[in-house]
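Okay, here's what each chain looks like letter by letter:
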Amino acid sequence: MNHNPSPVPTPERNGAPLRDHVVVGVDGSGLADLAVEQAADEAAFRGVPLEVLHVVDRAPDREEDQSAAELREEAESLVRTAAERARLRHPDLAIVTTVALARIVPTLEQATDRAALVVLGSRGLGGFVGLLLGSVSLSVAAAARCPILVVRAPHSNVPLDAPGTVVVGVSGIDCAPAVEAAFAAAQARGVALRAVHAWAPPMSPAAPYAAPLWVGDDGRKTAEATLAAALEPVMNRYRQVPLTEQIVCDIPTHALLAAGDEAELVVLAAHRRHGRFGPNLGRVTHALLHHSKAPVLLVPIA
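The structure displayed is predicted, hence computed values, not measured ones.

J.: Could you clarify how one ought to interpret the packing of aromatic side chains in this entry?
T.: According to the stated counting rule, one finds one aromatic pair in the structure shown. With a centroid separation of 5.3 Å and an interplanar angle of 20°, the aromatic rings of Phe183 and Tyr238 are classed as stacked. Pair noted here: Phe183 is in helix H6 (residues 176–189) and Tyr238 is in the loop between helix H7 (218–235) and strand E10 (243–249), with a separation of 55 residues, a long-range link. According to the relative accessible area criterion, Tyr238 is buried, its value standing at 11%.

J.: Got a minute to help me understand the sheet that holds strand E8 (residues 165–169) in this structure?
T.: Pairing between the strands of a sheet is mediated by backbone hydrogen bonds and can be parallel or antiparallel. In spatial order, the strands read E5-E4-E3-E6-E7-E14-E11-E8-E9-E10; together these ten strands make up an open sheet with mixed pairing. Each end of this open sheet is capped by a strand with a single partner; those strands are strand E5 (95–102) and E10. Here the average twist between neighbouring strands, direction ignored, is 25°. Both E8 and strand E9 (residues 192–199) contribute to a ladder of five bridges, which runs parallel. Looking at E9, one finds that Val167 is bridged to Arg194.

J.: Can you walk me through H7 in this structure?
T.: Owing to its 3.6 residues per turn, the α-helix brings residues three or four apart onto one side. Compared with the 26 Å implied by 1.5 Å per residue over 18 residues, the 25 Å span of H7 between its first and last C-alpha is a close match. Where H7 is buried, its residues contact H6, E9 and E10.

J.: What's the story with the layout of surface pockets in this structure? I'm lost.
T.: Any empty space left between atoms is shown by rolling a water-sized probe over those atoms. Space inside the second largest pocket adds up to approximately 430 Å³. Lining the second largest pocket are 19 residues, and of these Ser171, Pro252, Leu256, His271 and Val284 sit closest to its centre. Broken down by secondary-structure element, the contributors of at least two residues to the lining of the second largest pocket are E9, helix H8 (252–260), strand E11 (265–271) and helix H9 (283–291). Considering every element that reaches the lining of the second largest pocket, the biggest residue donor is H8, with four residues. Per-class residue counts for the lining of the second largest pocket are ten nonpolar, seven polar and two charged.

J.: Help me out: how do you make sense of the packing of H8 against H9 in this one?
T.: Closest axis-to-axis distance for the H8/H9 pair is 9 Å, and the angle between their directions is 30°. One way to sum up the angle between H8 and H9 is to call them roughly parallel. For the pair H8 and H9, the crossing hand works out as right-handed. On the side of H8, the interface is formed by Pro252, Thr253, Leu256 and Leu257, while H9 contributes Val284, Ala287, Leu288 and His291. Partitioning the contact of H8 with H9 into residue classes produces six nonpolar, two polar and no charged.

Thresholds, definitions, all that
- Residues numbered from 1 in each chain as written.
- Predicted model: local features only at pLDDT ≥ 70, side-chain atom pairs only at ≥ 80, totals over all residues.
- Heavy atoms only, no water.
- Phe/Tyr/Trp six-rings, centres within 6.5 Å; stacked < 30°, edge-to-face > 60°.
- Helix = DSSP H or I, 4+ residues; strand = E, 2+ residues; numbered from the N terminus.
- Buried < 20%, exposed > 50% of the residue type's maximum accessible area, 1.4 Å probe, protein only.
- Pairing = 2+ DSSP bridges.
- Axes fitted to C-alpha atoms, helices over the stretch in contact; angles between N-to-C directions.
- Expected span 1.5 Å × (residues − 1).
- Contact = heavy atoms within 4.5 Å.
- 1 Å grid on protein atoms, 1.4 Å probe; cavity = no way out; pocket = protein on both sides within 12 Å on 5 of 7 lines; lining within 4 Å.
- Points joined across faces, edges and corners; volume = space filled by probe spheres on them.
- Nonpolar A, V, L, I, M, F, W, Y, C, P; charged D, E, K, R; others polar.
- Parallel < 35°, antiparallel > 145°, perpendicular 65-115°, else oblique.
- Left-handed = near helix turned anticlockwise from the far one by under 90°.

Purely geometric numbers; function is a separate question.
Okay, here's the thing in structure tokens:
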């Protein structure tokens, strides 16, 4: 009997530890099923294996008694079912399954150490996937070492035959990793990319009761230069991706939510802020995670 189980089993393939692959967290919910399908697509796009992970929330130093054995058996059945869903979607995809009896947050953090991408549903039945929009999991997302794809329930705004787009929010040159990820995602999907930069004139001291101060064309020219500087280092490597550059005079949250209404993916740079209680994500990222109608890809910025 194991009295000190490892918090996260290290998956292997062909006798070697699995790294730089796609990990999807599952909990048996319908949204987790969608996460599995999108994770399988991402793994197929990238030509890497898929790891299907379920975490039974349990202190890692607890003895594995009969109750734990039953939980493990249920979890094994859950990940096998999820793996079969992925295999039906992509029969040639290499798939491994992992069950961990461990605390959820450290498990997610460890998964971001070994993966190229971690995929989660925005809501679930609880546990690993269901906590994503809670404060603890948002803190983990802020500390993640790899991109995290948050899968949303499908929405009916876009006709089935409408061409898709990938939207990337660009606040400055430091968003380069997110811009790169957005171009790669658009290329893999065979769709166009829309790069959105939001700016707003300075507000009067009497705001919100007075109009913004007028600054002529200088603000827009600065915004155009900012967007061009962020795109230029990457766009030449993705010439085949149709690109639209969009300058919006609005706050970033409104601009990105509007742009994402008809998108199949929204990509954001996850800027790290170190506050009193550790790393956290900014207000724009919080708003998109809670309200975006499209899946959101968070790309960590060092």
